[in-house]
Structure formats: C-alpha cells, structure tokens
Amino acid sequence: LSFWLRVSVVCAAGAVTLGWLADRATEDRRLRRVELASFWARVALAAGLFFISDLGWPILKSLQMGNGLWSFGGDAQAYHAYGQTMSQSWRLGEPAILPEARIRPYSFVVAVIYRLLGSHLLFPLIFNAWCGAMCGLLAYLIAGRAVGEHLRDAHGRDEKRELSGP
C-alpha cells in the first residue's frame, strides 16, 4: 500500500475502534462524538506540527529540529532511531545493536509499529493520538465505577443510581 493510503487506513481504524468502544461503554452518543473529536483534533495537531517541522516552515523555527521533530519532544528522535533499528533487525533476522541502558519500553512499541506499517514518524504520532483519546473513555468508565452511578442516558433519564439519597 502507498504511504498515504496506509496513513488513511490507520486513522480510519483508530476512529472506528474508538467509536465502537465508546458505543459499548454507553448508549449516550455524546461520548462517541467527544472521543472522535478528541482523536481527530490530536491527529490534526500532531500532523500539523510534523509537517511544519518536516517542511521547515517559519513557525516557531527555534524549536524545530527538522524531519518532523521538535525540541519539546526530544525523546521522539531516540524512539524513532531505536524503532527503526529494531524493526530492521527483526526484518533481517539479526540482533539489534542498541545501547541497552537507554532503551525504554516505548521503543519496542515504535519498533512494532514500524515493522507493521513502515518506518515513518507519523505512525507513532497517530498511535499516540489514539492513546490520548482513549484516556477520555477510560476516565468515563473509571468515574462511572467510582461514583457508583451511570451518567444520564440520551433521553435525560437516570439509568441507575446506587448512591442516591432520599
């Protein structure tokens, strides 16, 4: 598949998955809309920042590192390099030579993403956007359990109240 087709498929898969999970969490369609808006806003911001740096546009030039990287996300350069090295070593069936003391678990996540989709910085950015949007769904589920009641359904009626008073 071409690069842009892979990016489109990954974004669509992320959105479909988030929507499906939100629908399973509640019948209230607002959660689905919030989750999808959060995901697409994160994707747009990540892609925008990537292209500003990659193309060298004169926006916050002093913070750009080039190639889609920024100084405020300096660890991305290491994750990208480690991910490339690991995914290439897996493809060739050779051991990866990496400085062990500096490897973080996220390097393996990036390596798996690169092995499956190709070695491009946009793929981990899309994954991060998906994980960030998932935080909203997890917060909704945790709050529902911690409070002991479900949020109002789409019709404004209480579905269940375990801790309600007289």
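S.K.: Tell me about the packing of helix α4 (residues 105-117) against helix α5 (residues 122-147), and name the residues and values.
M.R.: Direction vectors running N to C along α4 and α5 enclose 115°, while the axes themselves pass 9 Å from each other. When you trace α4 past α5, the crossing you get is right-handed. The segment α4 lies against α5, with Y106, V109, V110, I113, Y114 and L117 engaging F123, P124, F127 and N128. Of the residues belonging to the contact of α4 with α5, the class tally is nine nonpolar, one polar and no charged.

S.K.: Please set out the nonpolar core residue by residue, giving values where relevant.
M.R.: Residues V7, L18, F39, F123 and I126 are the most contacted members of the largest nonpolar core, which totals 26 residues. Broken down by secondary-structure element, the contributors of at least two residues to this core are α1 (3-25), α2 (29-55), α4 and α5. The element best represented in this core is α5, accounting for eight residues.

S.K.: Tell me about α4, and name the residues and values.
M.R.: Helix length check: α4, at 13 residues, gives a terminal C-alpha distance of 19 Å against a target of 18 Å (1.5 Å per residue), a fit within 8%. Along α4, the residues that are buried comprise S107, V110, A111, I113 and Y114. Mapping the buried residues of α4 onto a view down its axis gives an arc of 165°, with all of them on the same face. Exposed residues on α4 whose side chains face more than 90 degrees from its buried face are P105 and L116.

S.K.: Let's hear about the packing of aromatic side chains: which residues, and what values?
M.R.: Scanning the model with the defined rule gives six aromatic pairs in all. Judged by centre distance (5.8 Å) and plane angle (65°), the rings of F3 and F123 are edge-to-face. With a gap of 120 residues between them, F3 in helix α1 and F123 in helix α5 connect regions that are remote in the sequence. Overall, F123 belongs to the buried group, its relative accessible area being 1%.

S.K.: Pulling in residues and values, what's your account of the environment of R42?
M.R.: Take R42: it is sitting in helix α2. A relative accessible area of 38% means that R42 is categorised as partly exposed. Counting along the chain gives 91 residues from R42 to A133, while the straight-line C-alpha distance between them is 7.9 Å. Within the structure, the side chain of R42 is placed 3.5 Å from the backbone oxygen of G132, a separation counted as a polar contact.

S.K.: Could you give an account of a nonpolar patch on the surface, with specific residues and numbers?
M.R.: Side chains of L55, W57, I59, L60, L63 and F72 sit close together on the surface and give an oily, nonpolar patch of about 590 Å² of accessible area. Within the secondary structure, L55 sits in helix α2.

S.K.: Tell me about the confidence of the model for the chain, residues and numbers included.
M.R.: Here the chain averages 84 in pLDDT, while 86% of its residues score no lower than 70. Looking over the chain, one finds the lowest element-wise mean pLDDT in strand β2 (residues 69-70), namely 79, and the highest in α1, namely 95. Overall, residues 151-155 carries pLDDT values under 50, and its contacts beyond four positions in sequence, including any with other chains, amount to nine contacts. Counting contacts from residues 161-166, a segment whose pLDDT is below 50, to residues more than four positions away or on other chains yields six contacts.

S.K.: Account for the side chain of D28, naming residues and giving values.
M.R.: Among the structural elements, D28 can be located in the loop between α1 and α2. Of the polar contacts made by the side chain of D28, one reaches the side chain of R30; its length is 2.5 Å.

S.K.: Describe the side chain of E35, listing the residues and the values that go with them.
M.R.: Looking at the secondary structure, you find E35 in helix α2. Buried charge without a partner: E35 forms no salt bridge, and the closest opposite charge is R42, 7.8 Å away. A polar contact of 3.0 Å, which involves the side chain of E35, links it to the backbone nitrogen of L137. Non-local contacts of E35, meaning those with residues more than four positions away in its chain, are made with L18, A22, A133, M134, G136 and L137.

Parameters and conventions
Residues numbered from 1 in each chain as written. Predicted model: local features only at pLDDT ≥ 70, side-chain atom pairs only at ≥ 80, totals over all residues. Heavy atoms only, no water. Axes fitted to C-alpha atoms, helices over the stretch in contact; angles between N-to-C directions. Helix = DSSP H or I, 4+ residues; strand = E, 2+ residues; numbered from the N terminus. Left-handed = near helix turned anticlockwise from the far one by under 90°. Contact = heavy atoms within 4.5 Å. Nonpolar A, V, L, I, M, F, W, Y, C, P; charged D, E, K, R; others polar. Core = buried A, V, L, I, M, F, W, Y, C linked by side-chain atoms within 4.5 Å. Buried < 20%, exposed > 50% of the residue type's maximum accessible area, 1.4 Å probe, protein only. Expected span 1.5 Å × (residues − 1). Arc of directions from axis to C-beta. Phe/Tyr/Trp six-rings, centres within 6.5 Å; stacked < 30°, edge-to-face > 60°. Polar contact = N/O pair within 3.5 Å; in protein donor to acceptor, adjacent residues only side chain to side chain. Patch = residues over 30% accessible without salt bridge, like charges linked within 9 Å, V, L, I, M, F, W, Y side chains within 5 Å. Areas by Shrake-Rupley, 256 points an atom, 1.4 Å probe, with all protein chains shown as cover. Salt bridge = Lys/Arg side-chain N within 4 Å of Asp/Glu carboxyl O. pLDDT = per-residue confidence, 0-100. Lys, Arg positive; Asp, Glu negative; His and termini not counted.

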